[in-house]
Amino acid sequence: MKKIFVSIMVLTLMVSLIGCSPKEKNSTNGDKTEKTVVSEIKVWIPGDEAEYPFFYNMFRAYEEKNANVKFKIEQQPWGDYWTKLPIELDAGTGPDMFMSHTAYANLLVPNSRELPFEVSELSNIKDAGIFVGETGKPVFVPLVFYGAVMYLNEDHWNDAGLTDANIPKTWDELEEVAQKLTVADNGKIVRAGIDVSTWYTMADLMYQQGQGLADDEGKTTIDSEAGKKALEMMQKWEKELKISDYTLGNGSPEDSFIKGKSSIIYGHAWMHKWFNTANEELKFKAFPIPTVSEESPVVTRAEMELSFGIGKKVDDEKYDILVDFTKFVLDNDEIMLSISNGFSGVSSRTDLTDKGEESSTIDAIKVQMPRMIPMILPGEYETVIKQTMQDVLINDYNIEEAQKNGVENLKNTDLSSVKKMENEYKDTDKLK
């Protein structure tokens, strides 16, 4: 198969990447010449090998082919990582290479070295130009696309006499099956037919109505008619139909699902692997997210995992090695598929989209992919939209008041980057 970077080899040589494979020093011991390590690369990852085996494995695979390079992987706590990392990178005391995340990528771009590739040279990578530096060259490159899906408990489903023919395609259909799955005791829900207690439920319900999440001035649209209808829908499930209980999972639908307290949840692709390890007896299946209508321009957001960043103050010798490592990862079918399979998503490489593991989660992502909008939302937006949901569903605020509070809490949050990404979406003309 023709590799992605064949076309740029001449370019990379011209820009002084003659040492694409790390330099080697030789030591002579009698008649024996031994390669010695000339570069130890410090890498930060906010997670252990059990969580990110595919990332750890890609570093080992590179070491096997480049015996003079050693990666020193330092596991960092997730909570401190995103505040500590940019400070350390700026000071020159941080890692040489680091795991990034879409929610923090824009913050990290100024502290990272660009890759020596034009975006056009990465035509085999979907949305390769989403994170670029000052000169327009990529800083982080998408590795995998994934996002939200629905999960159902197969035992609950079968006990209710439901079959694959009953898998809902619209929210109205979901209401019907959720009523058959809900279990109550003296009027109190002990098993919810559906748990949608995650912030992206409201965001996606707005998108499905054709409402963008930011206006032309970079302000929130949480107080739009679409936002009101989304809250009314969830309020109906909680208060009128009594098929949902936000408190059963304490705002984490995966928690209620793993404990058997909910039958269907609005979940996320990463949960697939976690369910398998957290509860081996749990039988579950993923299916695509229902939509408000067949004409919905967006089903959900497409999230992504990114290539590892290179610290801004890394010296040229290490930079050459890390560029070569990045090319090694992007060109390696096995590594790229292990990453997409690890996140239960779809590879960013267009030639690998239909390859990889078979699972209901990956199948659901593939069905939704044509209507998944690539989107990175600021952390404060996620916090506020979740609080807006809680104000209506738990604190009994009226919807208009909850929306007003949401707007107030986001008044200093610039969502212009959100609007920019929405404007680049293929069906942007269908979004308000």
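Everything quoted here is computed from the prediction, not taken from an experiment. (Residues numbered from 1 in each chain as written. Predicted model: local features only at pLDDT ≥ 70, side-chain atom pairs only at ≥ 80, totals over all residues. Heavy atoms only, no water.)

Caption draft 1: Structural detail: the packing of helix H11 (residues 316-331) against helix H12 (residues 333-342). Between H11 and H12, whose axes approach to 5 Å, the crossing angle comes to 75°. Comparing the axis directions of H11 and H12 gives the class roughly perpendicular. Of H12, the residues touching H11 (which contributes Phe328, Val329, Leu330 and Asp331) are Asp333, Ile335, Met336 and Ile339. Looking at the contact of H11 with H12 residue by residue, the classes come out as six nonpolar, no polar and two charged. (Axes fitted to C-alpha atoms, helices over the stretch in contact; angles between N-to-C directions. Helix = DSSP H or I, 4+ residues; strand = E, 2+ residues; numbered from the N terminus. Parallel < 35°, antiparallel > 145°, perpendicular 65-115°, else oblique. Contact = heavy atoms within 4.5 Å. Nonpolar A, V, L, I, M, F, W, Y, C, P; charged D, E, K, R; others polar.)

Caption draft 2: Inspection of the layout of surface pockets at higher detail. Taken as a whole, the largest pocket holds about 1200 Å³ of empty space. If you go around the largest pocket, you meet 45 residues; those closest to its centre are Tyr52, Tyr146, Trp270, Glu305 and Phe343. Listed by contribution, the elements that provide at least two residues to the lining of the largest pocket are helix H2 (53-65), helix H4 (102-108), helix H9 (253-258), helix H10 (271-278), strand S13 (300-306), H12 and helix H14 (379-393). Residues of the lining of the largest pocket, tallied by class, amount to 22 nonpolar, 14 polar and nine charged. Taken as a whole, the second largest pocket spans an internal volume of roughly 420 Å³. Elements supplying a minimum of two residues to the lining of the second largest pocket: strand S16 (372-374) and helix H16 (416-423). (1 Å grid on protein atoms, 1.4 Å probe; cavity = no way out; pocket = protein on both sides within 12 Å on 5 of 7 lines; lining within 4 Å. Points joined across faces, edges and corners; volume = space filled by probe spheres on them.)

Caption draft 3: Seen up close, helix H13 (residues 360-368). Of the residues making up H13, those classed as buried are Thr361, Ile362, Ala364, Ile365 and Gln368. Relative to the axis of H13, the buried residues are bounded by an arc of 160° and lie together on one face. (Buried < 20%, exposed > 50% of the residue type's maximum accessible area, 1.4 Å probe, protein only. Arc of directions from axis to C-beta.)

Caption draft 4: Focus on unusual backbone geometry. Located in the positive-phi region is Asp127, a residue other than glycine, with phi close to 55°. By the element assignment, Asp127 lies in the loop between H4 and strand S6 (131-132). Under the relative-accessibility criterion, Asp127 is labelled partly exposed at 31%. One non-glycine residue, Asn186, adopts positive backbone phi at about 55°.

Caption draft 5: Seen up close, the sheet that holds strand S5 (residues 97-98). Overall, mixed pairing links the four strands, which are arranged S4-S3-S5-S14 in an open sheet. Two strands close off the open sheet at either side, each with one partner strand: strand S4 (69-75) and strand S14 (309-310). Alignment of strand S3 (residues 39-45) against S4, held across seven bridges, turns out to be parallel. Across the sheet, the residue bridging to Val43 is Ile73, located in S4. H2 rests against S3, S4 and S5 of the sheet, and its axis sits at about 165° to S4. (Pairing = 2+ DSSP bridges.)

Caption draft 6: Local environment of the nonpolar core. Formed by 125 residues in total, the largest nonpolar core has its most connected members in Phe55, Trp171 and Ile339. A total of nine residues in this core trace back to one element, the largest contributor, which is strand S8 (residues 142-153). (Core = buried A, V, L, I, M, F, W, Y, C linked by side-chain atoms within 4.5 Å.)

Caption draft 7: Quick look at the packing of H14 against helix H15 (residues 399-409). For the pair H14 and H15, the least separation of the axes is 9 Å and the interaxial angle reads 160°. Looking at the two axes, H14 sits roughly antiparallel to H15. Regarding H14 and H15, the two cross each other, and that crossing is right-handed. Residues Val384, Thr388, Asp391 and Val392 of H14 touch H15, and the partners they reach there are Ile399, Ala402, Gln403, Asn405, Gly406 and Asn409. Residue composition of the contact of H14 with H15, by class: four nonpolar, five polar and one charged. (Left-handed = near helix turned anticlockwise from the far one by under 90°.)

Caption draft 8: Quick look at empty space enclosed by the protein. A complete count under the given rule lists two cavities of 30 Å³ or more for this structure. Its boundaries defined by the atoms lining it, the largest cavity holds a volume of some 70 Å³. When residues of the lining of the largest cavity are assigned to their parent elements, the largest contribution, four residues, is made by H11. A per-class count over the lining of the largest cavity returns seven nonpolar, two polar and no charged. Size it by volume and the second largest cavity reaches roughly 30 Å³.

Caption draft 9: Representation of the side chain of Gln76 within the structure. In this fold, Gln76 is placed in the loop between S4 and helix H3 (78-91). Overall, Gln76 belongs to the buried group, its relative accessible area being 10%. Not counting chain neighbours up to four residues away, the residues in contact with Gln76 comprise Trp44, Ile45, Pro46, Gly47, Tyr81 and Lys84.

Caption draft 10: A look at the packing of aromatic side chains. Scanning all chains against the criterion turns up 31 aromatic pairs. Between Tyr81 and Trp82, the aromatic rings sit 4.5 Å apart at their centres with planes inclined by 85°, giving edge-to-face as the arrangement. An identical accessibility class is assigned to Tyr81 and Trp82; each is buried. Relative to Tyr104, the ring of Trp82 lies with its centre 4.5 Å away and its plane at 5°, an arrangement referred to as stacked. Of the two residues, Trp82 is situated in helix H3 and Tyr104 in helix H4; the sequence distance between them amounts to 22 residues. Accessibility expressed as a relative area gives 30% for Tyr104, which makes it partly exposed. Ring pairs connect the aromatic residues Tyr52, Phe54, Phe55, Phe59, Tyr62, Phe71, Tyr146, Phe308, Phe325, Phe328 and Phe343, which therefore count as one cluster. Across from the ring centre of Tyr319, 3.8 Å away, lies the NZ or CZ of Arg113, which sits over that ring. Above the ring of Phe145, the side-chain terminus of Lys126 is found at 5.5 Å from the ring centroid. (Phe/Tyr/Trp six-rings, centres within 6.5 Å; stacked < 30°, edge-to-face > 60°. Lys NZ or Arg CZ within 6 Å of the ring centre and 35° of its normal.)

Caption draft 11: Highlighting the pattern of salt bridges. Evaluated as defined, the whole model comprises 20 salt bridges. When the shortest N-O distance is used, the salt bridge between Asp164 and Lys285 registers 3.0 Å. Residue Asp164 is located in the loop between helix H5 (154-159) and helix H6 (171-181), and its partner Lys285 is located in strand S12 (residues 284-287); the two are separated by 121 residues in the primary sequence. The class for Asp164 is exposed, based on a relative accessible area of 54%. For Lys285, a relative accessible area of 23% corresponds to the partly exposed category. The salt bridge involving Asp396 is made with Lys239; its shortest N-O contact spans 3.2 Å. One end of the pair, Asp396, is in the loop between H14 and H15; the other, Lys239, is in helix H8 (residues 225-240), and 157 residues separate them in sequence. (Salt bridge = Lys/Arg side-chain N within 4 Å of Asp/Glu carboxyl O.)

Coordinates in, geometry out; function isn't part of it.
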